[in-house]
Amino acid sequence: MRLVVLDRAALRFAAAALGAVLATSLAGPGRQNAGDPVAGTPGSQRASVFRAAATNKAAVALTFDDGPDPLYTPRILDVLDRYQARATFFVLGTQAEAHPELLRAIVQRGHEVGTHGYHHTNLTRLKPEVVAADLKRADDLIAAAVGSRPRDLRPPYGFVSPTVLAEAGKLGYRIILWTDEHDPRDWTRPAAAEIARRSLQRTEKGMILLLHDSGGNREQTVKALPLILERLRDQGYQVVTVDELLADTAGGDDQGEHALHKNSVSQQ
Ligand SMILES: [Zn+2]
């Protein structure tokens, strides 16, 4: 089920079936000076939001939510190594607290650690100070584990509100969603081949793919990964971190926002 209407003044939300994803609308990020590649600088108003990057390079980003997970994350790291792919892991604070060594492994092997917040909670239902506390708690744990704070945030369920944008902006995050057309919904546990098929229905430069490395049985996701990476390799795509993907974005934020709108489910 698809949803959402964009409205610059008011954000409207709706959820996909089963509490899945989506809804957003983003009044644009705070306007940056021309050439300023930085999305939301700490203390600035709203965080910028990306569903894709406007890049001319044949590159895509692979992202994993809800981990790290002692059962699946190491296996995923091995597959990524095999294909020389770099990914972004939007880790949960609770998981980071339990497995800081996995965060270090992720970074040491060339991947990006982003934050998925501390509790896996719908941030749009919380007061600003509670949103800030949740994000900060995860932030501190990640920084303690890997020595630097995450730059990118994926809010649980992809739910965004003016409060979330404001609080994320104060902490200097970019908000990274994903490209809807390629959402395999691997958390519903379809077969590996189906996860791969849904992910790559229409491969595009700058797309952001969403998978999960924790939160349930992820056998099929682990099995789908080589299928996805092989196909991307065959098609000449490089698999890079979100940070790298956005760094390649011509013209910085405005282009990123353009890509976002281009790929939005709908807009006014
Ligand atoms: Zn999640």
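Values in this document were obtained by computation on a predicted structure and should not be read as measured data. (Residues numbered from 1 in each chain as written. Predicted model: local features only at pLDDT ≥ 70, side-chain atom pairs only at ≥ 80, totals over all residues.)

Asker: Could you clarify how one ought to interpret the overall build of the chain in this entry?
Answerer: Scanning the chain for helices and strands turns up nine helices and eight strands. Contacts spanning at least 24 positions in sequence make up 76% of the contacts within the chain whose residues lie at least 6 apart. (Helix = DSSP H or I, 4+ residues; strand = E, 2+ residues; numbered from the N terminus. Contact = placed C-beta atoms within 7 Å.)

Asker: Looking at this model, I keep getting lost on the pairing of strand β7 (residues 208–212). Mind explaining?
Answerer: When a strand is regular, its side chains alternate between the sheet's two faces. Among the five residues that make up β7, five are buried, leaving the element largely enclosed by the rest of the structure. Side chains I208, L210 and H212 project from β7 onto one buried face, and the interleaved L209 and L211 project onto a second face that is buried too. Pairing between strand β2 (residues 59–65) and β7: five bridges, direction parallel. If you follow A61 over to β7, its bridge partner there is I208. (Buried ≥ 20, exposed ≤ 12 C-beta atoms within 10 Å, placed from the backbone. Pairing = 2+ DSSP bridges.)

Asker: Looking at this structure, I do not really get the pairing of β2. What am I missing?
Answerer: Taking burial as the measure, the seven residues of β2 include six buried ones, the bulk of the element. Note that β2 and strand β8 (residues 238–240) share three bridges and pair parallel. Within the sheet, the bridge partner assigned to V60 lies in β8 and is V239. The pairing of β2 with strand β3 (residues 87–91) spans four bridges and is classified as parallel. When the bridges of β3 are listed, F64 appears paired with F89. Traced from β2 through helix α1 (residues 73–82) to β3, the parallel crossover comes out right-handed. (Right-handed = clockwise from strand over helix to strand, strands pointing away.)

Asker: So what exactly am I meant to see when it comes to the packing of helix α4 (residues 128–146) against helix α5 (residues 162–170) here?
Answerer: Describing two packed helices takes the angle between their axes plus the distance from one axis to the other. Across the interface, α4 lies against α5 with an axial gap of 9 Å and an inter-helix angle of 50°. Between α4 and α5, the angle falls in the class oblique. The element α4 and its partner α5 pack so that their crossing is right-handed. Together, P128, V131, A132 and L135 of α4 and T163, V164, A166, E167 and A168 of α5 make up the contact between the two elements. Residue composition of the contact of α4 with α5, grouped by class: seven nonpolar, one polar and one charged. (Axes fitted to C-alpha atoms, helices over the stretch in contact; angles between N-to-C directions. Parallel < 35°, antiparallel > 145°, perpendicular 65-115°, else oblique. Left-handed = near helix turned anticlockwise from the far one by under 90°. Nonpolar A, V, L, I, M, F, W, Y, C, P; charged D, E, K, R; others polar.)

Asker: Explain the environment of A132 here, please?
Answerer: Looking at the secondary structure, you find A132 in helix α4. Distance from A132 to A168, taken between C-alpha atoms, is 7.6 Å for residues 36 residues apart in sequence.

Asker: Looking at this model, I keep getting lost on helix α7 (residues 219–234). Mind explaining?
Answerer: For the α-helix, the turn length of 3.6 residues means that residues three or four positions removed from each other point alike. With 16 residues, α7 extends 24 Å from end C-alpha to end C-alpha; this agrees with the ideal 22 Å at 1.5 Å per step. Maximum bend of α7: about 25°, positioned at L225, with proline P226 one to four residues after it. When α7 is considered as a whole, its buried residues turn out to be T221, V222, A224, L225, I228, L229 and L232. (Expected span 1.5 Å × (residues − 1). Bend = angle between axes of the 7 residues up to and from the residue.)

Asker: Looking at this model, I keep getting lost on the nonpolar core. Mind explaining?
Answerer: Burial of nonpolar side chains together is a common tendency in soluble globular proteins. Core analysis: the biggest nonpolar cluster contains 66 residues, and A168, I175, L209 and V239 have the highest contact counts within it. Non-local contacts of A168, meaning those with residues more than four positions away in its chain, are made with A47, L135, L153, Y173 and I175. (Core = buried A, V, L, I, M, F, W, Y, C linked by C-beta atoms within 7 Å.)

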